[in-house]
Protein chains: 2
Amino acid sequence: MTGRRIRVLLAEDQGMMRGALALLLGMEDDIEVVAQVAAGDAILDAALAHRPDVALLDIELPGRSGLDAAADLRVRVPDCRVLILTTFGRPGYLRRAMEAGAAGFLVKDGPVEELAAAVRRVLAGETVVDPALATAALSAGPNPLTARESDALKASADGATVADIAARLHLSESTVRNYLSSAIGKTATRNRMEALREARRQGWL
Amino acid sequence: MTGRRIRVLLAEDQGMMRGALALLLGMEDDIEVVAQVAAGDAILDAALAHRPDVALLDIELPGRSGLDAAADLRVRVPDCRVLILTTFGRPGYLRRAMEAGAAGFLVKDGPVEELAAAVRRVLAGETVVDPALATAALSAGPNPLTARESDALKASADGATVADIAARLHLSESTVRNYLSSAIGKTATRNRMEALREARRQGWL
DNA sequence: GGCGGGCGATGACATATGTCCTGCCGCGGT
DNA sequence: ACCGCGGCAGGACATATGTCATCGCCCGCC
């Protein structure tokens, strides 16, 4: 191993997970973790400052979604390959990751050995995706929800009432009810909580 | 380090996290990971088989909660010290962990270095708890919900309707509404979803 | 120019939800 | 023996939610 080591940026909000992953990757003698961030809105700055070869991004992050950050990197740091690392293998997540230009998609359920291997394969130009997940994503079809329907669903989390949602979105209550109703229809569910759950499961939010 | 190494049982459902923690602990030359399990209902058997000194348990596990498993260990493997490792520092979780006889309570947000240190301190007889969390747990007071109110709340997740809950709990719909209503009152919230959220936040479920 | 589709809104309506009150049982304390 | 409290149930009532039909506006498309 005479060549330059692979420079990795690590974005993960859970401290223990972040530290453990950094240590693991650091133990590989061809990999070097050059930056660690805990928030999504710190990813771009860190990438600009440290010019990593691979960015390992969680999706659920405070500040900015890892998927959105991946899109940022595509534009502002095009040489950096993006590897998404997430708890949930939601079909919609994978789809959005690919649309954002990610080079790979890993679920945290897999064995640790996968991780360093995926970093190397991604850098070598391969696209790393679990085949089963890939077929699931394709068979699931695209997100049928309109932007406002998604907004209404997101805002209806935590038991917000229709009035709350209307206030948050600056809409009339009737309009909110209509959006929720159509979201319920499109998700083939019975009420907003089920619709929210299903939309999340599909990765549509 | 001439003595026998500390035998650790690791219970964590997320594969990558479990593998990373096992590797980290294994790197310490006075610690040995003798068993790894991914499900809560595998903890007791593994502990009986491997007789660990310390059991490192996640709370949210498939099969059986880490807190319940801790109570099992207290009775069936009393020599094994229990260290709870969880994503959420909910006051009620800490309270229940202590009632279940846990010797320590760690949140996954902390730095990785804490982990091995906590294992050693727990084995030395110390009780390992974040002081800020401890005071929060005490000031929060005990769980005001009755068993049935908790049941009704838990069953009301995912947008289940009153009829669904009644069926799942073998109760009349009126009874379910009464339980939910009183749970809403005790949590000082406006509807079941808020009550569910608040109860979860407090660690009452 | 017509058409579809998303956005925003309204009103009417049926159903679901949450509240309150009453009542019955059993249990544990005083 | 009495009381309080939790479990369980029913009824009555007000409010919240979900559905549907209808409308206007704007935009992109053929």
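Here, the structure is the one placed above.
Keep in mind the model is a prediction, meaning the values are calculated, not measured. (Residues numbered from 1 in each chain as written. Chains lettered and ligands numbered in written order. Predicted model: local features only at pLDDT ≥ 70, side-chain atom pairs only at ≥ 80, totals over all residues. Heavy atoms only, no water.)

J.: Explain the protein's contact with DNA strand D here, please?
T.: Close to DNA strand D lie 17 residues; Arg177 and Ser181 of chain A together with Arg148, Ser172 and Tyr179 of chain B are nearest. Near the protein, within 4 Å, the atoms of DNA strand D are sugar or phosphate in 62% of cases. A distance of 3.2 Å separates a phosphate oxygen of DNA strand D from a polar atom in the side chain of Thr161 of chain A. Note that a base oxygen of DNA strand D is positioned 2.5 Å from one of the side-chain N or O atoms of Arg177 of chain A. Put simply, the parts of the chain that give the surface near DNA strand D at least two residues each are helix H9 (173-187) of chain A together with helix H7 (147-155) and helix H9 (173-187) of chain B. (Near = heavy atom within 4 Å. Polar contact = N/O pair within 3.5 Å; in protein donor to acceptor, adjacent residues only side chain to side chain. Helix = DSSP H or I, 4+ residues; strand = E, 2+ residues; numbered from the N terminus.)

J.: Help me understand the sheet that holds strand E6 (residues 128-129) of chain B in this model?
T.: Through backbone hydrogen bonds, the strands of a sheet pair up, either in parallel or in antiparallel fashion. Residues and elements named next belong to chain B. Read from one edge to the other, the open sheet built from six strands follows the order E2-E1-E3-E4-E5-E6, with strand pairing classed as parallel. Edge positions in the sheet fall to strand E2 (31-37) and E6, since each of these pairs with one other strand and no more. As paired strands, strand E3 (residues 54-57) and strand E4 (residues 81-86) are joined by four bridges and run parallel to one another. Among the inter-strand pairings, Ala55 is bridged to a residue of E4, identified as Val82. Sitting on the sheet, helix H3 (residues 66-76) touches E3 and E4, and the angle it makes with E3 is about 165 degrees. (Pairing = 2+ DSSP bridges. Contact = heavy atoms within 4.5 Å. Axes fitted to C-alpha atoms, helices over the stretch in contact; angles between N-to-C directions.)

J.: When you look at the interface of chain B and chain A in this model, what are you seeing that I'm missing?
T.: How big an interface is tends to be stated in terms of the accessible area lost upon association of its parts. Listed by partner, the interface residues are 29 residues for chain B and 30 residues for chain A. For the chain B and chain A pair, buried surface summed over both sides reaches about 2,400 Å², with 66% attributable to carbon and sulfur atoms. By the criterion of area lost to chain A, the three top residues of chain B are Gln14, Met16 and Asp158 of chain B, representing 28% of everything that side buries. Between chain B and chain A we count four salt bridges in total. The closest approach of N and O atoms between Asp164 of chain A and Arg190 of chain B, which form a salt bridge, is 2.6 Å. Counting the contacts that link chain B with chain A gives 13 residue pairs in polar contact (both at pLDDT 80 or more). Among the secondary structure elements, those contributing two or more residues to the side of chain B that touches chain A are helix H1 (15-27) and helix H10 (192-202) of chain B. (Buried area = accessible area lost by both parts, 1.4 Å probe. Salt bridge = Lys/Arg side-chain N within 4 Å of Asp/Glu carboxyl O.)

Note that every value here comes from positions in space, so none of it alone points to a role or purpose.
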